[in-house]
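Structure at a glance
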Amino acid sequence: MIIENHKIITDEDLIYAQTIWDFLSIQDPIQKSNLIFVLCSHDLRVAEYAVELYNRGFANYILFSGGLNFFTKNIFPLSEAQSFANLAIENGIPKEFLIIEDKSTNTGENIQFSKKLLNSLNLNFDNIIALQKPSMTLRIKLSLEKQWNDRKFLISYPNYSLFDAPHSHINLFMIINEIVGDLQRIIEYPKLGFQTESHIPETILMAYNFLIKNGYNLHLCK
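In this section: the overall build of the protein chain. For the protein chain, the helix and strand inventory stands at 7 helices and 7 strands. Its helices and strands in sequence order give the protein chain the pattern β-β-α-β-α-β-α-β-α-β-α-β-α-α, from N to C terminus. For a compact globule of 222 residues, the expected C-alpha radius of gyration is about 17 Å, and the protein chain comes in at 17 Å, within 12% of that figure. When its C-alpha atoms are laid out on the principal axes, the protein chain stretches across 50 × 35 × 30 Å. For the protein chain, with 222 residues in total, the buried portion stands at 50%. Within the protein chain, contacts between residues separated by at least 24 positions form 77% of all contacts whose residues are at least 6 apart in sequence. Carbon and sulfur atoms make up 52% of the accessible area of the protein chain, which amounts to about 10600 Å² in all. Computing the positive centroid from 19 side-chain charges and the negative centroid from 24, the protein chain places the two 6 Å apart.

Further remarks concern the packing of helix H1 (residues 11-24) against helix H7 (residues 202-213). The geometry of H1 relative to H7 is characterised by a closest axis approach of 9 Å and an angle of 130° between their N-to-C directions. By the criterion of interaxial angle, the relationship of H1 to H7 is oblique. Two packed elements cross with a definite hand, and for H1 against H7 that hand is left-handed. Between H1, through Glu-12, Asp-13, Tyr-16, Ala-17, Thr-19, Ile-20 and Phe-23, and H7, the contact on the second element is made entirely by Ile-204, Met-206, Ala-207, Tyr-208, Phe-210 and Leu-211. Classifying every residue of the contact of H1 with H7 by side-chain character gives 10 nonpolar, 1 polar and 2 charged.

Now for the packing of aromatic side chains. In total, this model carries 11 aromatic pairs according to the counting rule given. A ring pair is formed by Phe-76 and Phe-84, whose centres lie 6.4 Å apart and whose planes are at 85°; its orientation type is edge-to-face. For Phe-84, a relative accessible area of 0% gives the class buried.

Moving on, we get to the nonpolar core. General note: in soluble globular proteins, nonpolar side chains tend to be found buried as a group. Counting residues in hydrophobic clusters, the biggest one holds 29 residues, and the most contacted among them are Ile-20, Leu-24, Ile-176, Leu-183 and Leu-211. Broken down by secondary-structure element, the contributors of at least two residues to this core are H1, helix H5 (137-147), helix H6 (172-192) and H7. Leave out the neighbours within four places in its chain, and Ile-20 touches Ile-179, Leu-183, Ile-204, Ala-207, Tyr-208 and Leu-211. Counting 25 residues, the second largest nonpolar core, distinct from the first, contains Leu-53, Phe-64, Phe-76 and Ala-88.

On to the sheet that holds strand E4 (residues 61-65). Whenever strands of a sheet pair, they do so through backbone hydrogen bonds, lying parallel or antiparallel. Spatially, E5-E4-E3-E6-E7 is the arrangement adopted by the 5 strands of the open sheet, whose pairing is parallel. Across the chains shown, the open sheet's two edge strands, defined by having one partner strand only, are strand E5 (98-101) and strand E7 (152-156). Taking the axes of each pair of neighbouring strands and ignoring which way they run, one obtains an average angle of 20° across the sheet. As paired strands, strand E6 (residues 127-131) and E7 are joined by 5 bridges and run parallel to one another. By the bridge assignment, Ile-128 is partnered in E7 with Phe-153. Relative to E7, H5 is tilted by about 170°, and along the sheet it contacts strand E3 (35-39), E6 and E7.

Right, let's talk about the environment of Asp-11 for a bit. For Asp-11, the location among the structural elements is in helix H1. The class for Asp-11 is exposed, based on a relative accessible area of 51%. With 146 residues separating them in the primary sequence, Asp-11 and Tyr-157 have C-alpha atoms 26 Å apart.

Conventions we followed
- Residues numbered from 1 in each chain as written.
- Predicted model: local features only at pLDDT ≥ 70, side-chain atom pairs only at ≥ 80, totals over all residues.
- Heavy atoms only, no water.
- Helix = DSSP H or I, 4+ residues; strand = E, 2+ residues; numbered from the N terminus.
- Rg over C-alpha atoms; globule rule 2.2 N^0.38 Å.
- Buried < 20%, exposed > 50% of the residue type's maximum accessible area, 1.4 Å probe, protein only.
- Contact = heavy atoms within 4.5 Å.
- Areas by Shrake-Rupley, 256 points an atom, 1.4 Å probe, with all protein chains shown as cover.
- Lys, Arg positive; Asp, Glu negative; His and termini not counted.
- Charge placed at Lys NZ, Arg CZ, Asp CG, Glu CD.
- Axes fitted to C-alpha atoms, helices over the stretch in contact; angles between N-to-C directions.
- Parallel < 35°, antiparallel > 145°, perpendicular 65-115°, else oblique.
- Left-handed = near helix turned anticlockwise from the far one by under 90°.
- Nonpolar A, V, L, I, M, F, W, Y, C, P; charged D, E, K, R; others polar.
- Phe/Tyr/Trp six-rings, centres within 6.5 Å; stacked < 30°, edge-to-face > 60°.
- Core = buried A, V, L, I, M, F, W, Y, C linked by side-chain atoms within 4.5 Å.
- Pairing = 2+ DSSP bridges.

Here it is, written out as structure tokens:
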């Protein structure tokens, strides 16, 4: 049992949250590509992973995409993309190999604004590694299939667990809220044309409904 935000996180909560986390986290075997496309967030570990892949020769450019949203505006003094890029620069990545898209506030905008930016720069990358937090990777895959399906994408993430996901700005209670909201978007967004559909197993829907009933509803779309 864990107590956070005046909420008791029970062992049953954790079991169901782990079930959803595992469902949402997907990863491809990565290979040398033209671009590392980082969909930014509150978690700088994704930027660190992009730096690692760049230094290992997996791509010659990194595109950081992300403005600020209701949550990250309280974390970063600059945009998510600039904050991620600053970390990359501090770790030795030359500025000329970084591309910054700093206006997007959601996954759809990450994709659409990044496509437009690359076109405006006359940059054409056919093979792209897309990075996000582990529990966002299924959403990224489904969104790319719908909104940027003329490129080959490999999906990857920094390797950490549900229990390692919290950091100085977000605790486990908020992580569970976040993954419940991400699963809701996988269920609802295909109806709006934002993503391709994905089969949701009954065990996942049961975990989802249990956690909502138990108060993990802060990240749900209204």
